[in-house]
Amino acid sequence: MSGRRLQALVVEDEMTIALMIEDMLTDLGHQVVAMAMRLPQALELAKTSEIDFVVLDVNLDGHMSFAVADALIERGVPFVFVTGYGAAGVDPKYRHQGIVLQKPFDLADLEKAIERLPPR
Amino acid sequence: MNARFQGDFPIGGGEMGKLIRAFDWSRTELGPIEGWGPALRTSTNIVLQSPLALVMLWGPSGIMIYNDAYSEFAGQRHPQLLGSKVLEGWAEVADFNAKVLEVGLAGGTLSFKDQELTLYRNNVAEQVWMDLNYGPVLGEDNKPEGVLAIVVETTARVKAERALAEQQAVIEEANKRLSAESSFLRDLFEQAPSFMAMMSGPDHVFTLANAAYRGLVGDRGELVGKSVREAIPETDSQGFLGLLDSVYRSGQPFVGRGITAHLQRQRGAEMETRILDLIYQPVRSSSGEIAGIFAEGHDVTERATAEAQVKASEERLRALINATSDAVYRMSPDWREMRQLDGRGFLADADGPSIAWMEEYLFAEDEPLVQAAIAEAVRDKKPFQLEHRIRRQDGSQGWTFSRAVPLLNGTGEIVEWFGAASDVTARNKAEEHLRLVINELNHRVKNTLAMMQAIAAQTFPRSEHLAGAHANFSARIKALATASDLLTGERWVGASLRDATEKVLQPHHTDAPKRRIVRGPEVRLTAKSAISLSMALHELATNATKYGAWSGADGTVTIEWNVVRTGKGERLAFEWREEGGPPVVQPVRKGFGSRLLERGLAAELSGDTRLEFRPEGVVFRIDAPLDPYAGEDR
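Treat the numbers as computed from the prediction; the structure is a model and nothing was measured.

A. Representation of the overall build of chain B in the model. Secondary structure assignment for chain B yields 19 helices and 22 strands. Radius of gyration (C-alpha) of chain B: 64 Å, far over the 26 Å computed for a compact globule of 634 residues. Along the three orthogonal principal directions, the C-alpha set of chain B runs to about 210 × 70 × 60 Å. Taking contacts inside chain B between residues at least 6 apart in sequence as the whole, the part at least 24 apart equals 50%.

B. Highlighting the sheet that holds strand β17 (residues 516–519) of chain B. Residues and elements named next belong to chain B. If you trace the five strands from one edge of the open sheet to the other, you get β17-β19-β20-β22-β21, paired in mixed fashion. At either margin of the open sheet sits one strand with a lone partner, and together these are β17 and β21 (608–614). Strand-to-strand twist in this sheet, taken as the mean axis angle between neighbours without regard to direction, amounts to 10°. Against the sheet, helix α18 (residues 527–546) engages β20 (569–579), β21 and β22 (617–625), with an angle of about 15° to β20.

C. Region of the structure containing the confidence of the model for chain B. Per-residue confidence for chain B averages 87 on the pLDDT scale, and 96% of its residues sit at or above 70. Long-range and interchain partners of residues 1–6 of chain B, a stretch whose pLDDT sits below 50, account for one contact in this model, where long-range means more than four residues apart.

D. Spotlight on the pattern of salt bridges. Residues and elements named next belong to chain B. The final tally for this structure, using the stated rule, is 49 salt bridges over all chains. With a closest N to O distance of 3.5 Å, Arg610 and Glu612 form a salt bridge. Look at Arg610 and you get exposed, because its relative accessible area is 53%. The exposure class assigned to Glu612 is buried, which follows from its relative accessible area of 18%. Several salt bridges share partner residues, and in doing so they unite Glu575, Arg577, Glu579, Arg610, Glu612, Arg614 and Arg621 into one network.

E. Spatial organisation of a nonpolar patch on the surface. A cluster of nonpolar side chains, Phe184, Leu185 and Leu188 of chain B, forms an exposed patch at the surface whose accessible area comes to about 320 Å². Tracing the backbone shows Leu188 of chain B in helix α7 (residues 155–191).

F. Structural context of the interface of chain B and chain A. Contacts between chain B and chain A engage 18 residues on the former and 18 residues on the latter. In total, about 1,700 Å² of surface goes out of reach between chain B and chain A, with carbon and sulfur atoms giving 56% of it. Viewed at the interface, chain A and chain B are joined by six salt bridges. Here Lys528 of chain B makes a salt bridge to Glu14 of chain A, at a shortest N to O gap of 3.7 Å. Taken together, the connections running from chain B to chain A amount to nine residue pairs in polar contact (both at pLDDT 80 or more). Of all the elements in the fold, those that place two or more residues in the side of chain B that touches chain A are α18 and α19 (592–605) of chain B. Top element by residues in the side of chain B that touches chain A is α19 of chain B. It accounts for eight residues.

G. Examining helix α1 (residues 15–27) of chain A more closely. Between the first and last C-alpha of α1 of chain A there are 18 Å, a value that for 13 residues agrees with the 18 Å anticipated at 1.5 Å per step. Those residues of α1 of chain A that fall on the buried side of the exposure criterion are Met15, Ala18, Leu19, Ile21, Glu22, Met24 and Leu25 of chain A. For α1 of chain A, the secondary structure elements touched by its buried residues are β1 (7–11), β2 (31–36), β3 (53–57) and α5 (107–116) of chain A together with α18 and α19 of chain B. One or two positions beyond α1 of chain A, positive phi appears at Gly29 of chain A, with a value near 90°.

H. Quick look at the domain arrangement of chain B. Segmenting chain B into domains produces domain 1 (2–153), domain 2 (192–304), domain 3 (324–423) and domain 4 (431–625). Centre-to-centre, using C-alpha coordinates, domain 2 of chain B lies 91 Å away from domain 4 of chain B.

I. A look at the environment of Gly62 of chain B. Residue and element names in this part refer to chain B. Turning to its location among the elements, Gly62 is positioned in the loop between β1 (54–58) and β2 (63–66). Considered as a pair, Gly62 and Tyr248 are 186 residues apart in the sequence and their alpha carbons are 84 Å apart. The residues touching Gly62, leaving out its near neighbours within four places in the chain, are Leu57, Ser84, Lys85, Val86 and Leu101.

Parameters and conventions
Residues numbered from 1 in each chain as written. Chains lettered and ligands numbered in written order. Predicted model: local features only at pLDDT ≥ 70, side-chain atom pairs only at ≥ 80, totals over all residues. Heavy atoms only, no water. Helix = DSSP H or I, 4+ residues; strand = E, 2+ residues; numbered from the N terminus. Rg over C-alpha atoms; globule rule 2.2 N^0.38 Å. Contact = heavy atoms within 4.5 Å. Pairing = 2+ DSSP bridges. Axes fitted to C-alpha atoms, helices over the stretch in contact; angles between N-to-C directions. pLDDT = per-residue confidence, 0-100. Salt bridge = Lys/Arg side-chain N within 4 Å of Asp/Glu carboxyl O. Buried < 20%, exposed > 50% of the residue type's maximum accessible area, 1.4 Å probe, protein only. Patch = residues over 30% accessible without salt bridge, like charges linked within 9 Å, V, L, I, M, F, W, Y side chains within 5 Å. Areas by Shrake-Rupley, 256 points an atom, 1.4 Å probe, with all protein chains shown as cover. Buried area = accessible area lost by both parts, 1.4 Å probe. Polar contact = N/O pair within 3.5 Å; in protein donor to acceptor, adjacent residues only side chain to side chain. Expected span 1.5 Å × (residues − 1). Domains from an automatic or database assignment.

Printed below as a string of C-alpha cells:
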C-alpha cells in the first residue's frame, strides 16, 4: 500500500509525537487530514473521516484505543498500531489485524509499516 | 224527777262523765251546769259518747270539756285541764290554739294532718304528731259558740315512717356508693391497659370483655353473650379452647408468656400474628364450684418484635466484628484503661482491663501524638481517628489506622469507646514504595532528557547555521523537564494552570512583574494537558523574547483565562496577548512553534486554538472543554 498519496488520520496522545508523525507522513508524501489525541475525538473521526489509513497509539492518556480499532475494522480501514509497550501491549485479538510499530521509531520504520498495510 | 234528772247530766260518759258531773262549773265562764243551754248540753253528751278523743272548747276562752279517750292523750295534764281555758291549759301551744279559736268561733274549720307539736304532758318536753280536725259548734241562734276538736295522735306512725324514711335514705346512700364503686370498677376494668375478659360456664361464654380485649381480638361485634368458639373461631385450632377447657375442669390457672396467637382482627383480612403474655384464672362461685374463667394479659408483640430486632442487630454486629480483620477494642471514657482488645492476629489480645496499654502497643516517641488525638476526641466527644505506628503481635513495628466512637449515655456522658484498628502496614509500605518509584522515574525521565540534549549536541555539527536550532532544541527539552518537575510534586496526578504558567515562564522573564500579567481562577489540568500547555507557552514566550513584547524595553504579555459554563459543560477560555512590542510581521513560514500551537495543542485539548499575528502584538486563544471526557464513559 504505497506509491501514491494517501489520506491519513493520526491518533496519538503525545502532542510532540503527533506532530512528528505528521511531519514523517508528509515527508513520505501522504496527507494528514485529521489528528486526535483523546479517545472520544478519535472514535468520532474513525467513524466519519475520509481516510486511507490510520496511525493509532494504543494508549490514549490512560485509555486503551481498541474501540477505535474496532470501528476501523468495521469500516475496512487499515491501521498501524503504535505502542510504547511493544507487541505484548496489543490485545491478541488485533495483532493480525494491524501492523504493530514499537516506540521509538524513525521514518524508515513508519514507511515499512505503511507498505505492509493491506489495501483498502 | 227534774232534779234527779238534773243531777244525772250528763248521762254516763265514763270517768269523764263522773268528773264533769262533779265539777264546780260555777267557777268558770260556763256557769253552773244546771244553767247550761241545750247546745252545750247536747254537745257535751256527744263528746262523752265518742270513742274518739274529742275535746270541746266552749265560749270565747275555749273552756275545755273532753272525754276519756282525750284524757288518756292529755297524760298528767288531766284532770287539771277540765274546765280550764285552752290557752292556759296548753300554754306551750297557746298560739296554735288561739288561731283555732279564732277560726272556729268565726264558723270556719281547720284540719291538720300529722301536725307536729311540742307538749309537756308528763312534765317533759315531748315531740308529738297529731291529726287535728276542728269544726264550729253552733248555739241557739246558729251562732258558733264552741269549737269541737277530734284529736288523733299519729306520733307512733309518724316516728315509724320517719325511721323507715331514714332507713331508706341510708339504703339509698349505700346503693349510690355501691353503684359509684361498681361504675368505678367497671371503668377501671374497661380502661385497664391489660386485656381482660370474663367467661362463664363450660362453653366459656363472654360476660365481660374490656376495651383492650376487644382491641386485641378485633372487629367481631358484641362479644358478651357469645361463646369463645362462636366469637373467635380461629382459637380452636390454636389450642386456646383446649386450654380454657382444662382450666375449667382442673381449677388450675394457666400462665403463659410469649404465646403466639393468629387472629383475624379485620373481617376479610389476613390473619395477624400477635405475641401475648396471658393468664387464665378460674373463678369459683360462693359454693366453691368453678363458675367461669377470668382471662387477663398483655399484647407484647411490639416488645417481642423489638427484642427480636435488637437480637438480630446484635447478631449482625457480632458477625460484622467477626468478619472484619480489624482489631477491635474498648476503652474507658478517659482512655486510661483499655477494657478489652481483640487483636485478630495483628495485635496482641487484651482479654481484661489494662492501664499499661500504651507501653504495650505504642512506641514511646509516638505517645504524645496519640495522646493529643485522644484528648481532642474526649474533649469534643467526637470519634477518635489517627494513623499511627503500633507494636504488632510479633513485636515488629507496624502501622494502624485506628478509629473509635464514643458510646454516650442518656445524659450525653461518655460511657465507653468502641474502636477498630486496621493494619495499614502493607499499604503504607506500598505507598512508600510508590513514592520511591515516582522519584526514581522522575530522575530517569530527567536523565533521559539530559541525555537527549547531550546526544543532540554531539550529533549535530557545530556550525553557525545549526547553532540557533540547537539552542531552540535545548530550550524545548528544558521546558519539558520543567513541566515534569511540576508534576512530580503532584505525583503525576495533575497540576494547576497557574503553577504551570508561572513555572514555564520563569526563565523567560524574571525582572519586571508588570511586564507579565497572569490572571485567572484556579483550574486543574491533567498531567498530559499540563505538559502540552507548558510546551505551548514555552514556544510563545520564546517568540515574545526574540521578536515580540519582551524583545524591547516596554512590552507586556497578559495571560488571562476564565471558566465558562455552557450547555456542554465547563470550558476554558484562555488568552495570551502581547502589547507594546515592535510591530508584528506575519511569518513567511510556519515553524514548529506555530504548528504546535495551532494543531497540536488544539488536538491535545480537544478544543480550538487560534494564533494571530496582529501588528500590535501576538494574540493566542484557546477554547476547550475543561474535561475532554465530559459526557463519555471513561
